[in-house]
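Secondary and tertiary structure notes
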2 protein chains.
Amino acid sequence: MYPLLQAHINTFVSISDDEMAEIFGYFKHQTLKKKENLLNEGQACKATYFVTKGILRKYFINEKGVEQTTEFAIENWWMTDTFSFISQTTAEFYIQAVENTEVLALPRDAHDQLLEAHPAMEKYFRCVYQRAYAATQKRLKFRHEHSSEELYHFFRKSQPEFLQRVPQYLIASYLGFTPEYLSEIRKKSIS
Amino acid sequence: MYPLLQAHINTFVSISDDEMAEIFGYFKHQTLKKKENLLNEGQACKATYFVTKGILRKYFINEKGVEQTTEFAIENWWMTDTFSFISQTTAEFYIQAVENTEVLALPRDAHDQLLEAHPAMEKYFRCVYQRAYAATQKRLKFRHEHSSEELYHFFRKSQPEFLQRVPQYLIASYLGFTPEYLSEIRKKSIS
DNA sequence: CGGTCTCTTGACGGAGTTCAAAGCTAGTGG
DNA sequence: CCACTAGCTTTGAACTCCGTCAAGAGACCG
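These numbers come from a predicted model, not from an experiment.

Overview of the interface of chain A and chain B
It is common to report an interface's size as the accessible area lost on association of the parts. Chain A puts 38 residues into the contact, and the matching count from chain B is 38 residues. A buried area of about 3,700 Å², summed over both sides, lies between chain A and chain B, and 61% of it is on carbon and sulfur atoms. Inspection of the region where chain A meets chain B yields 6 salt bridges. E92 of chain A is the partner of K138 of chain B in a salt bridge, and the nearest nitrogen-oxygen pair spans 3.2 Å. Taken together, the links from chain A to chain B amount to 18 residue pairs in polar contact (both at pLDDT 80 or more). The greatest single-element share of the side of chain A that touches chain B, amounting to 18 residues, is contributed by helix α5 (residues 119-145) of chain A.

Listed below in structure tokens is the structure:
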């Protein structure tokens, strides 16, 4: 029914096709147009989202009114404002589609019921969060270790297709500097 | 037997005293002197650690030979090189005791056996990692949003006892700037 | 086409780094 | 219990990376 999600779940736990069908009942398929928002600051984050097609980004708006992207999610990644999702308090982030995107939404209530009814999914999500946490630790280390210029070149080498799908100014914002400076870096590396 | 850990587990799942006693069997109590290392770069991270007394820090050494602290753990926090712990590959971080410290170590094998035998612990760890992940997201946002000076003042207000337990140069390294600059910030705020 | 969104350029300024040296502080051994 | 040393913090000057601002050049979409 949802082959991408099924494959992803099966890399962490083994679940029969019958149980899998039940599990899928908790999810809702959702389609988003480019630039459409899934979550706005001030709302509670109602669901956690698994991307099956396209790209989501999470961002916030700083005191100067500038958007800061903190995370991207492409196919096979989960995305949510974790804190708001857990506690159902007002979100500090926005979630927006970078291109036309399809997601599987697991609403907060369904999430709890799913984990209650299917203990294997506790393990699945434990693994998912463990990896996500490990990934942010690596990212934090990398940020500390390298200059903005090095960051960009590393990103460019390790995620080449990504660069072509996402506008420059979002890359700059994600890497933590201005579009103007990114432009300067690119100019240097051409000549 | 381990009241701090018991209380912590019980905030997420309810477990009988009998089962709890079994669970504790998987842990090993360990004592560390100030500056003693629990993990060195290049080793695999053998266990995940729950701090019952004292402070641990996680750090790495950058290309200039300078130590960069990326995380602290005080009482009631878990600490590990998550990536190395999961995959048993060589660690990228060091873990060191900031003061004389006591931990409960859950070795990698015991971790898997524990989760197998006690499904409630899957939920517990799912919640722990979910929160840890949410916390790093908040931290990332905060770093983007504020100057180094603001970072320090916020830290100072929200963790006053912590400042007295940890030397300045570790605080500076954790917040992402140099001890010299921290000194300058402090000078400003006194006058 | 015409307008909006995105990327580039260059001048200037400031936050934070680097380096080197001196002043403190706390722990250690005699 | 004092003296010594190693580790920690402070100072100041020079420097650099990167942000800000403002304006122009492309590029994409209806």
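The rest of the description comes next.
Overview of the relation of the copies chain A and chain B
Expressed as a screw transformation, the operator carrying chain A onto chain B has a rotation angle of 180° and an axial translation of 0.0 Å, and the superposed copies differ by an RMSD of 0.0 Å. With respect to symmetry, the two chain copies, as superposed, fit the operation of a two-fold axis. When each C-alpha of chain A is compared by its distance to the rotation axis, R126 of chain A comes out closest, at 2.1 Å. With an isologous cut-off of 70% or more, the 97% of interface residues of chain A that recur at the interface of chain B puts this contact in the isologous class.

Points about the protein's contact with DNA strand D
Near DNA strand D, the surroundings consist of 15 residues, among which Y181 of chain A together with Q168, Y169, S183 and K187 of chain B are the closest. The protein-proximal atoms of DNA strand D, defined as those within 4 Å of the protein, are 83% sugar or phosphate. Between DNA strand D and Y181 of chain A there is a distance of 2.5 Å, counted from a phosphate oxygen to a side-chain nitrogen or oxygen. Q168 of chain B is positioned with one of its backbone polar atoms (N or O) 2.8 Å from a phosphate oxygen of DNA strand D. Secondary-structure elements contributing two or more residues to the surface near DNA strand D are α9 (179-190) of chain A together with α8 (168-175) and α9 (179-190) of chain B. Looking at the surface near DNA strand D, the element that brings in the most residues is α9 of chain B, giving 4 residues. Residue composition of the surface near DNA strand D, grouped by class: 4 nonpolar, 5 polar and 6 charged.

Some words on the protein's contact with DNA strand C
By nearness alone, 16 residues border DNA strand C, and Q168, Y169 and K187 of chain A together with S148 and Y181 of chain B come closest of all. Of all atoms in DNA strand C that approach within 4 Å of the protein, 78% are sugar or phosphate atoms. Within the contact set of DNA strand C, a phosphate oxygen lies 3.3 Å away from a side-chain nitrogen or oxygen of R186 of chain A. One of the side-chain N or O atoms of K64 of chain B is found 3.2 Å from a phosphate oxygen in DNA strand C. Breaking the surface near DNA strand C down by element, the ones donating at least two residues are α8 (168-175) and α9 of chain A together with α9 of chain B.

Thoughts on the sheet that holds strand β6 (residues 78-79) of chain B
Residue and element names in this part refer to chain B. An order of β1-β8-β3-β6 is seen for the 4 strands of this open sheet, with the pairing classed as antiparallel. Looking at which strands have only one partner, the edges of the open sheet turn out to be β1 (28-32) and β6. The sheet contact formed by β1 and strand β8 (residues 101-107) spans 5 bridges and is antiparallel. Within the sheet, the bridge partner assigned to K28 lies in β8 and is A105. In the packing of helix α1 (residues 3-10) onto the sheet, the strands contacted are β3 (47-53), β6 and β8, and the crossing angle to β3 comes to about 110°. Sheet strands in contact with helix α4 (residues 108-117) are β3 and β8, and its direction is about 65° off that of β8.

The rules we used
- Position labels on residues start from 1 in each chain and follow its written sequence.
- To label them, take the chains in the order written and letter them from A, then take the ligands in the order written and number them from 1.
- For a predicted model such as this one, the threshold for reporting local features is a pLDDT of at least 70, and the threshold for listing and counting side-chain atom pairs is 80 or more; totals across whole chains, interfaces and linings nevertheless cover every residue.
- Computation of side-chain values covers all heavy atoms of the structure but excludes hydrogens and water.
- Note on definitions: a residue-residue contact is assigned when non-hydrogen atoms from the two residues lie within 4.5 Å.
- In this description, buried area is defined as the sum, over both parts, of the accessible area (probe of 1.4 Å) that is lost when the two are combined.
- For salt bridges, the criterion is a side-chain nitrogen of Lys or Arg within 4 Å of an Asp or Glu carboxyl oxygen.
- Definition of a polar contact: a pair of N or O atoms within 3.5 Å, with one able to donate and the other able to accept a hydrogen when the atoms are protein atoms, and with sequence-neighbouring residues admitted only if both atoms are side-chain atoms.
- Helix and strand assignments follow DSSP, with helices taken as H or I runs no shorter than four residues and strands as E runs no shorter than two, numbered in order from the N terminus.
- Least squares is the method for superposing the copies, and the C-alpha atoms it fits come from residues with pLDDT of at least 70 in both.
- To be near a molecule or strand, a residue needs just one of its heavy atoms within 4 Å of it.
- Throughout this entry, Asp, Glu, Lys and Arg are counted as charged residues, while Ala, Val, Leu, Ile, Met, Phe, Trp, Tyr, Cys and Pro are counted as nonpolar. The remaining residues, Gly among them, count as polar.
- Paired strands, as defined in this entry, are two strands with at least two bridges between them according to DSSP.
- Axis definition: a line fit to C-alpha positions, over the contact stretch in the case of helices; interaxial angles, taken between N-to-C directions, run 0 to 180 degrees.

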